[in-house]
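These are the residues of each chain, in order.
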Amino acid sequence: MESLTRGGTRWKRFAVVMVPSVAATAAIGVALSQGALAASFSVSGQQFKVSTDRLDAEGFIQYGSVDAQKDGKNVPVAVSAFTNAKIHNLCQSVVVPVPVFGDVSMKLQAGGGNTPVEAKNLYIDLDQLNADATFNNINIGVAAGSSSKGPGIKKGDKADPGSFAQEADSATLTHVKQRAWATTAGTFKLSGLKMSVTKGKSECY
């Protein structure tokens, strides 16, 4: 009976932690689809991994910024922003450590069929990126606040308008693997959306 009680306690703790996370994910999806998510917010302090086979975008800018964590710490990031993007075979994963129960992985997948994920005014705050990339009409070394090819600096970002940035009319990235702190978009249409929650570590890469 003692082992059963302990097992029940673990699942209760798991539910307490994960149910709000799943609810928050659903709420964010609704907010993104309506373009209502605030551009400026505190990041959780936990990184997540994102991979995709191919990203085709019109309007690109990349600049440096700082994300503020809830505890007040600042995290330096590179912000990659796209005016319009189509993403093939998107995967996003995060591993949540749950006291007593252990690691729990939440994985989201979409755009795996003939219909890609579509996003408008997409901003990705990242600190690591591996990919093969092609840029059309690229300008390297422009002032972030003077860019005219992408969606511009995100409202609320701690970015110096005079700081180094690069921009391009369009961009194609393949075999993408990145580690991010936050993603925001005006709209985010996820075709063939699948979400799974599993015990242990189950990441996109």
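The structure we're discussing is the one just above.
Presented here is a report on the structure given in the accompanying data block. In this text, all values refer to a predicted model and were calculated from it rather than measured experimentally.

Conventions adopted
In this convention, every chain numbers its residues from 1, walking through the sequence in written order. This being a predicted model, a pLDDT of at least 70 is required before a residue's local features are given, and a value of 80 or more before pairs of side-chain atoms are given or counted; all residues contribute to the totals for chains, interfaces and linings. In computing side-chain values, all of the structure's heavy atoms are included and hydrogens and water are not. Only DSSP runs of H or I covering at least 4 residues are called helices, and only runs of E covering at least 2 are called strands; the numbering of each starts at the N terminus. Burial classification: accessible surface area is computed with a 1.4 Å probe over protein chains only, and a residue below 20% of its type maximum counts as buried, one above 50% as exposed, and the rest as partly exposed. Contact criterion: two residues are considered in contact whenever any of their non-hydrogen atoms come within 4.5 Å of each other. Patch membership needs two things, relative accessible area over 30% and no salt bridge, and members are linked within 9 Å if like-charged or within 5 Å if nonpolar (Val, Leu, Ile, Met, Phe, Trp, Tyr). Exposure was quantified through the Shrake-Rupley algorithm and a 1.4 Å probe, taking into account, for residues, occlusion by the shown protein chains and nothing else. Basic side-chain nitrogens of Lys or Arg form a salt bridge, by our definition, when they fall within 4 Å of a carboxyl oxygen of Asp or Glu. Here, nonpolar core means buried Ala, Val, Leu, Ile, Met, Phe, Trp, Tyr and Cys residues that are tied together by side-chain atoms lying within 4.5 Å of each other. Whether two aromatic rings pair depends on their centres lying within 6.5 Å, for rings of Phe, Tyr and Trp, where Trp uses its six-membered ring; planes under 30 degrees apart make the pair stacked, over 60 edge-to-face, and the rest tilted.

1. Quick word on the overall build of the protein
Helix and strand counts for the protein stand at one helix and nine strands. Ordered by position from N to C terminus, the α and β elements of the protein give α-β-β-β-β-β-β-β-β-β. Within the protein, the fraction of its 205 residues that count as buried is 37%. For the protein, long-range pairs separated by at least 24 residues make up 81% of all intrachain contacts whose partners lie at least 6 apart in sequence.

2. As for a nonpolar patch on the surface
A cluster of nonpolar side chains, I138, I140 and F164, forms an exposed patch at the surface whose accessible area comes to about 310 Å². Mapped onto the elements, F164 comes out in strand β7 (residues 164-184). Exposure remark for F164: the relative accessible area of 56% places this residue in the exposed category.

3. A word on unusual backbone geometry
Excluding glycine, residues mostly carry a negative phi; peptide bonds, for their part, are mostly trans. Even without glycine at this site, N121 takes up a positive phi of about 50°. Checked against the element boundaries, N121 lands in strand β5 (residues 117-136). Here N121 falls in the partly exposed class, since its relative accessible area comes to 36%. Unusually for a residue other than glycine, H175 sits at a positive phi of about 55°. Relative to the helices and strands, H175 is located in strand β7.

4. A closer look at the nonpolar core
L55, F82, I87, L122 and F188 are the most contacted members of the largest nonpolar core, which totals 24 residues. Taken together, the elements giving at least two residues each to this core come down to β1 (48-68), β2 (74-88), β3 (90-98), β4 (102-110), β5 and β7. Filtering out sequence-adjacent residues up to four positions away, I87 remains in contact with T52, R54, L55, G111, P116, V117, L122 and F188. Formed by 14 residues, the second largest nonpolar core is a distinct cluster that contains A81, A144, A165 and W181.

5. A word on the packing of aromatic side chains
In this description, an aromatic ring pair is defined by two values, namely the gap between the centres and the angle between the planes. Taken as a whole, this structure holds two aromatic pairs when the rule is applied. Seen from their ring centres, F60 and F82 are 5.5 Å apart, and the 35° between their planes marks the pair as tilted. Within this pair, whereas F60 is found in strand β1, its partner F82 is found in strand β2, the two being separated by 22 residues in sequence. What makes F60 buried here is its relative accessible area of 3%. Centre to centre, the rings of F60 and F135 are 5.0 Å apart; their planes meet at 35°, and the pair counts as tilted.

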